[in-house]
Amino acid sequence: MRNKELHRQAMHRYITSEKGRHTRRIYCRKTRQEYRNKVIKLLGERCVKCGFNDIRILQIDHINGCGTKERKAMSSLTYYKKILEEIQQGSKKYQILCPNCNWLKRIEKMEYF
Ligand SMILES: [Zn+2]
């Protein structure tokens, strides 16, 4: 019992320490990137409008809008994980757009923020 408590305290000290936070940040970034890459791969790795295919700047777009609202409701890691799961289950809610086509779509549909 006492051991368990000591362990808990040590864990807490670690995760709130500079090193622990740093490790967690790196882990989150890496995992987020993996989810993002998987999503982009599943969606065809190119902009559906113009065919642009530089994976570094391609964006995942909600076909029917309201992505910003949904995205702000959770961490970006959870957000990408959710999208990946939805796509794996056959969701057709998402598409890949390059930043140019994404902006054009926003302007045309008045989806500013
Ligand atoms: Zn495009």
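Rules behind the numbers
- Residues numbered from 1 in each chain as written.
- Predicted model: local features only at pLDDT ≥ 70, side-chain atom pairs only at ≥ 80, totals over all residues.
- Helix = DSSP H or I, 4+ residues; strand = E, 2+ residues; numbered from the N terminus.
- Rg over C-alpha atoms; globule rule 2.2 N^0.38 Å.
- Contact = placed C-beta atoms within 7 Å.
- Expected span 1.5 Å × (residues − 1).
- Buried ≥ 20, exposed ≤ 12 C-beta atoms within 10 Å, placed from the backbone.
- Arc of directions from axis to C-beta.
- pLDDT = per-residue confidence, 0-100.

1. Looking at the overall build of the protein chain
Then step 1. Helix and strand counts for the protein chain come out as five helices and two strands.
Then step 2. In terms of overall dimensions, the protein chain is more spread out than a globule: its C-alpha atoms have a radius of gyration of 19 Å, far above the 13 Å expected for 113 residues.
Then step 3. Here the C-alpha coordinates of the protein chain stretch approximately 60 × 30 × 25 Å along the principal axes.
Then step 4. Pairs at least 24 apart in sequence give 75% of the contacts found in the protein chain among residues at least 6 apart.

2. Thoughts on helix α4 (residues 76-88)
Then step 1. If you check α4, its first and last C-alpha atoms are 18 Å apart, about what 13 residues at 1.5 Å a residue would give, namely 18 Å.
Then step 2. Where α4 is concerned, the buried positions are Y80, I83 and L84. With its buried residues spanning 100° around the axis, α4 presents them on a single face.
Then step 3. Looking at the packing, one finds that the buried side of α4 touches α2 (18-42), β1 (59-62) and β2 (94-97).

3. What about the confidence of the model for the protein chain?
Then step 1. Across the protein chain, the average pLDDT comes to 90, with 95% of residues at 70 or higher.
Then step 2. The element-level mean pLDDT for the protein chain is lowest in helix α3 (residues 67-72), coming to 73, with β2 highest at 96.

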